[in-house]
Amino acid sequence: MAKKEKRHTNHSCYFAAPVLLLAFALQGFLPIVTALSASDPLTEIQTQSRQQQQIRELRQTEQLQQLRRDQQLNNLQQELESRPMDNRDSRRQQQLDQNQRKLDQLKNDQQLDRLQTEQQLNQIQREPNQSRRQEQIRELQRQQQMNRLQDQQRKFQIQRPR
């Protein structure tokens, strides 16, 4: 009976050694795991910083585009005003008046777009979810491109003689 007890004790030693080795190995990996989990906040901060930079770039791009659109509208306005007016040609005057109304409407629409874009940028900055924020940035970029193309098309329609 004594031999059976020794054998049983020997088996528990065989199982204890790998468990102890595993425990020591895991202790060595804990600092690495801790460092990796500590990098998550760093990654999050870097992502937020990139997104804030994208928002600043969007604002700058929007401001530059708005300045260009304003300049184009001013040029178009000057062109409309510089056209010779012949009081005898009422149809021509009506066309000029209509073009002026379209130009005024275009200016109003652009101002509205500018305010909506600024509102969207402010909303994006307040969004706590980073992936949602990135999605909103991409959507705003697409929307700005669409607005620029629509404005361009409308300007061409105003400039086109009939």
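One can find the structure itself at the top, above this paragraph.
Residues numbered from 1 in each chain as written. Predicted model: local features only at pLDDT ≥ 70, side-chain atom pairs only at ≥ 80, totals over all residues. Heavy atoms only, no water.

Visitor: Is there a simple way to explain the overall build of the chain in this structure?
Guide: Secondary structure summary: the chain contains three helices and zero strands in total. For the chain, the N- to C-terminal ordering of α and β elements is α-α-α. When burial is assessed residue by residue, the chain has 23% of its 162 residues classed as buried. A fraction of 75% describes how many contacts in the chain between residues 6 or more apart in sequence connect residues 24 or more apart. (Helix = DSSP H or I, 4+ residues; strand = E, 2+ residues; numbered from the N terminus. Buried < 20%, exposed > 50% of the residue type's maximum accessible area, 1.4 Å probe, protein only. Contact = heavy atoms within 4.5 Å.)

Visitor: Just to check I follow, could you spell out the nonpolar core for this structure?
Guide: Generally speaking, nonpolar side chains in soluble globular proteins are found buried as a group. In terms of nonpolar packing, the biggest core is built from seven residues, these being Leu 73, Leu 76, Leu 80, Leu 96, Leu 103, Leu 106 and Ile 158. Secondary structure elements with two or more residues in this core: helix H1 (2-82) and helix H2 (90-126). Setting aside residues up to four positions removed in sequence, Leu 80 forms contacts with Leu 96, Asn 99, Gln 100 and Leu 103. Counting six residues, the second largest nonpolar core, distinct from the first, contains Ile 55, Leu 58, Ile 124 and Leu 140. (Core = buried A, V, L, I, M, F, W, Y, C linked by side-chain atoms within 4.5 Å.)

Visitor: Please clarify how the packing of H2 against helix H3 (residues 130-159) should be interpreted in this entry.
Guide: Pairs of packed helices are described in terms of their axes, by the angle between the two and the distance that separates them. For the pair H2 and H3, interaxial distance at closest approach is 11 Å and the crossing angle is 175°. Here H2 is positioned roughly antiparallel relative to H3, judged by the angle of their axes. Each residue belonging to the contact of H2 with H3 can be placed in one class, and the counts come to seven nonpolar, 10 polar and seven charged. (Axes fitted to C-alpha atoms, helices over the stretch in contact; angles between N-to-C directions. Parallel < 35°, antiparallel > 145°, perpendicular 65-115°, else oblique. Nonpolar A, V, L, I, M, F, W, Y, C, P; charged D, E, K, R; others polar.)

Visitor: Just to check I follow, could you spell out the environment of Gln 54 for this structure?
Guide: Position of Gln 54 among the secondary structure elements: in helix H1. Owing to a relative accessible area of 25%, Gln 54 belongs among the partly exposed residues under this scheme. As for Gln 54 and Gln 134, which are separated by 80 residues in sequence, their C-alpha atoms are 9.1 Å apart. Polar contacts involving the side chain of Gln 54 include one to the side chain of Gln 134, which spans 3.2 Å. (Polar contact = N/O pair within 3.5 Å; in protein donor to acceptor, adjacent residues only side chain to side chain.)

Visitor: Is there a simple way to think about the environment of Gln 152 in this case?
Guide: The residue Gln 152 is located in helix H3 in this model. Given the relative accessible area of 40%, Gln 152 is considered partly exposed. Separated by 80 residues in sequence, Gln 152 and Gln 72 have C-alpha atoms that sit 9.7 Å apart.

Visitor: Explain H3 here, please?
Guide: An α-helical turn contains 3.6 residues, so any two residues separated by three or four positions project in the same direction. The terminal C-alpha atoms of H3, which comprises 30 residues, lie 43 Å apart, in line with the 44 Å expected from a rise of 1.5 Å per residue. Every buried residue of H3 is accounted for by Gln 130, Arg 133, Gln 134, Gln 136, Ile 137, Leu 140, Gln 144, Asn 147, Arg 148, Asp 151, Lys 155 and Ile 158. (Expected span 1.5 Å × (residues − 1).)

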